[in-house]
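# Per-entry structural report
Letter by letter, the chains look like this.
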Amino acid sequence: MNRKIDYVQLLNQSIEQEKPLVPPLTGSLQANKCCNSRCAYCGIWEINAKNPPVEDLFLAVNQLADLGVRMISITGGEPFLHPDLPQVIQLMDQRGILSSTMTNGLMLNQKKLVPILSAGINSLCVSLDTIDADIYRQIRGVALDPVLDGIRYVAEIRNEFPTLSDFSINCVISKANIHDLEPLIEFCNELNIKVGFQPLHNSFDSENNPVELKFSRDDHALLDEQIEMILQKKHQGYLISSGDDYLLAFPAYLIEKKLPEQTTCTAGYTSIAIDYQLNVKGCWPMRPIGNLHTQTLEEIWNSEAYTRQRAAMIDLDCPGCWLRCHTEHLSDDWLNNMHFWISKIKGGN
Ligand SMILES: C[S@@+](CC[C@H](N)C(=O)[O-])C[C@H]1O[C@@H](n2cnc3c(N)ncnc32)[C@H](O)[C@@H]1O
Ligand code: SF4
Ligand code: SF4
């Protein structure tokens with residue numbers, strides 16, 4: 001049986017019938033909404049809410065597992081600031097779900113990192129937009145050195161943790177780092193780390209992005225040139241995970257917030273987002289549909305309100321993002337990778 005073909009067939013039927021016939025492949029769970037970084041393009045650090053009780057995160061993981069998701073990505077805020085992150089990862093392992101988390105990289109030290117790796121995390125992604133300390137401070141408001149030291153530390157010890165099958169970098173492309181992408185790609189390649197890109201979006205949880213980060217109409221040629229450079233490096237064999245079509249759409253998105261013609265969005269069927277207060281939504285930019293404190297995830301997933309949100313998402317009646325966690329998650333590469341992981345790590349069941 002070819003599980004990938006089965007999944008895609010059932011997904012297409014779900015869209016035709018406007019009813020989910022398969023569970024979402026992935027869940028995205030926000031561990032908290034506090035942070036020790038100071039990013040100019042994200043307002044979460046200003047909100048600085050308290051960590052939720054670990055019982056809430058357990059509840060979300062269990063409900064996602066009951067629904068049948070294959071992978072949960074833990075995001076934040078800064079997940080490494082949640083003291084019980086290792087226990088949450090252990091639960092995912094016990095429930096047979098692939099675990100993934102993303103960090104700003106400020107706490108990749110032995111004390112914080114080793115319990116997370118020992119708990120069995122399958123995929124770890126570090127945000128790194130530049131290897132230039134001044135540009136890093138301009139974008140993220142803090143020092144770069146601890147992050148680079150942490151990334152080198154993970155690269156050094158990763159082989160001691162066979163469950164860690166993916167260690168990667170996520171780079172947000174903005175006007176501030178556009179001239180600094182090549183050294184970043186070289187740095188990752190030297191350490192044998194995959195790098196993926198994501199275009200700057202309207203600021204997460206704050207009003208707007210600072211003007212120094214934003215592109216203008218005059219930047220088209222510059223963007224085209226840098227995307228071409230990334231594609232060339234990728235085709236030369238550099239470890240770049242972003243799909244070609246995804247990257248080629250960056251200039252229009254970054255300048256005009258335009259998505260490619262014929263774009264549709266299946267995120268309402270393939271993924272599910274749960275915030276630190278247990279609000280559930282079809283994707284991060286959409287409004288909440290229900291809350292796990294008052295309903296089960298199965299009830300929310302099968303509700304009328306979810307059906308309406310899915311239909312809006314398919315029609316792109318939404319804020320229209322080009323986030324890799326949503327947009328790339330049904331590319332052929334991604335599905336192949338996902339099915340490879342499932343069979344390798346969780347025995348293919
Ligand atoms: C919200 S953060 C949470 C995880 C962690 N705090 C981190 O920074 O990696 C998830 C990812 O979103 C990216 N991000 C934050 N604000 C963004 C924006 N305005 N546009 C595009 N990506 C953004 C971050 O760089 C990070 O890679
Ligand atoms: S992007 Fe991540 S590191 Fe930066 S402020 Fe937001 S949550 Fe914190
Ligand atoms: S394109 Fe729209 S529906 Fe799809 S993930 Fe982005 S905001 Fe959500």
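Attention here is on the structure that accompanies the text. (Residues numbered from 1 in each chain as written. Chains lettered and ligands numbered in written order. Predicted model: local features only at pLDDT ≥ 70, side-chain atom pairs only at ≥ 80, totals over all residues.)

## Description of the overall build of the protein
Of the regular secondary structure elements, the protein holds 16 helices and nine strands. Over its C-alpha atoms the protein spans a radius of gyration of 19 Å, differing by no more than 12% from the 20 Å that the globule rule assigns to 349 residues. Projected onto its principal axes, the C-alpha positions of the protein cover 50 × 45 × 40 Å. Taken over 349 residues, the protein has a buried fraction of 40%. Taking the contacts inside the protein whose residues are at least 6 apart along the sequence as the reference set, 75% of them involve residues at least 24 apart. (Helix = DSSP H or I, 4+ residues; strand = E, 2+ residues; numbered from the N terminus. Rg over C-alpha atoms; globule rule 2.2 N^0.38 Å. Buried ≥ 20, exposed ≤ 12 C-beta atoms within 10 Å, placed from the backbone. Contact = placed C-beta atoms within 7 Å.)

## Quick word on helix 3 (residues 54-67)
Taking 1.5 Å per residue, 14 residues should reach 20 Å; helix 3 reaches 20 Å between its end C-alpha atoms and fits that length. Of the surrounding secondary structure, the elements contacted by the buried residues of helix 3 are strand 1 (26-30), strand 2 (71-75), helix 4 (85-94), strand 7 (271-274) and helix 13 (297-301). Phi turns positive, to about 110°, at Gly68, one or two residues after helix 3. (Expected span 1.5 Å × (residues − 1).)

## Considerations on the site of ligand 2
Lining the immediate environment of ligand 2, one finds Cys35, Ser37, Cys39, Cys42, Ile44, Trp45, Gly76, Gly77, Glu78 and Asn104. In terms of residue class, the shell around ligand 2 is built from five nonpolar, four polar and one charged. (Near = placed C-beta within 6 Å. Nonpolar A, V, L, I, M, F, W, Y, C, P; charged D, E, K, R; others polar.)

## A closer look at the site of ligand 1
Surrounding ligand 1, one finds 17 residues, the nearest of these being Tyr41, Cys42, Asn104, Ser127 and His201. When its residues are assigned to classes, the shell around ligand 1 shows seven nonpolar, nine polar and one charged.

## A look at helix 4
Buried within helix 4 are the following residues: Leu85, Val88, Ile89, Leu91 and Met92. When helix 4 is viewed along its axis, its buried side chains cluster within an angular range of 155° and face the same direction. Buried positions along helix 4 lie against helix 3, strand 2, strand 3 (98-103) and helix 5 (110-118). Taken from the residues just after helix 4, Gly96 is the one with a positive phi, measuring 75°. (Arc of directions from axis to C-beta.)

## Some words on the pairing of strand 3
Judged by how many residues are buried, strand 3 sits mostly within the fold: six of six residues are covered. Residues Leu98, Ser100 and Met102 of strand 3 are buried on one face, and the alternating residues Ser99, Thr101 and Thr103, pointing to the opposite face, are buried as well. Pairing analysis gives four bridges linking strand 2 to strand 3, with the strands arranged parallel. Bridged to Ser73 within strand 3 is Ser100. In this region the chain leaves strand 2, passes through helix 4 and returns to the parallel neighbour strand 3; the handedness of that crossover is right-handed. In this fold, the crossover linking strand 3 to strand 4 (residues 123-127) by way of helix 5 has right-handed handedness. (Pairing = 2+ DSSP bridges. Right-handed = clockwise from strand over helix to strand, strands pointing away.)

## Some details on the environment of Phe215
Here Phe215 lies in the loop between strand 6 (194-199) and helix 9 (220-236). For Phe215, a count of 21 C-beta atoms within 10 Å gives the class buried. Along the chain, Phe215 and Val280 lie 65 residues apart, while their C-alpha atoms are 33 Å from each other. Those residues in contact with Phe215, other than ones at most four positions away along the chain, are Lys175, Leu223, Leu254 and Ile255.

## With respect to the sheet that holds strand 3
One open sheet holds the nine strands; their spatial order is 6-5-4-3-2-1-7-8-9, and the pairing between them is mixed. Edge positions in the sheet fall to strand 6 and strand 9 (290-291), since each has one partner strand and no second.

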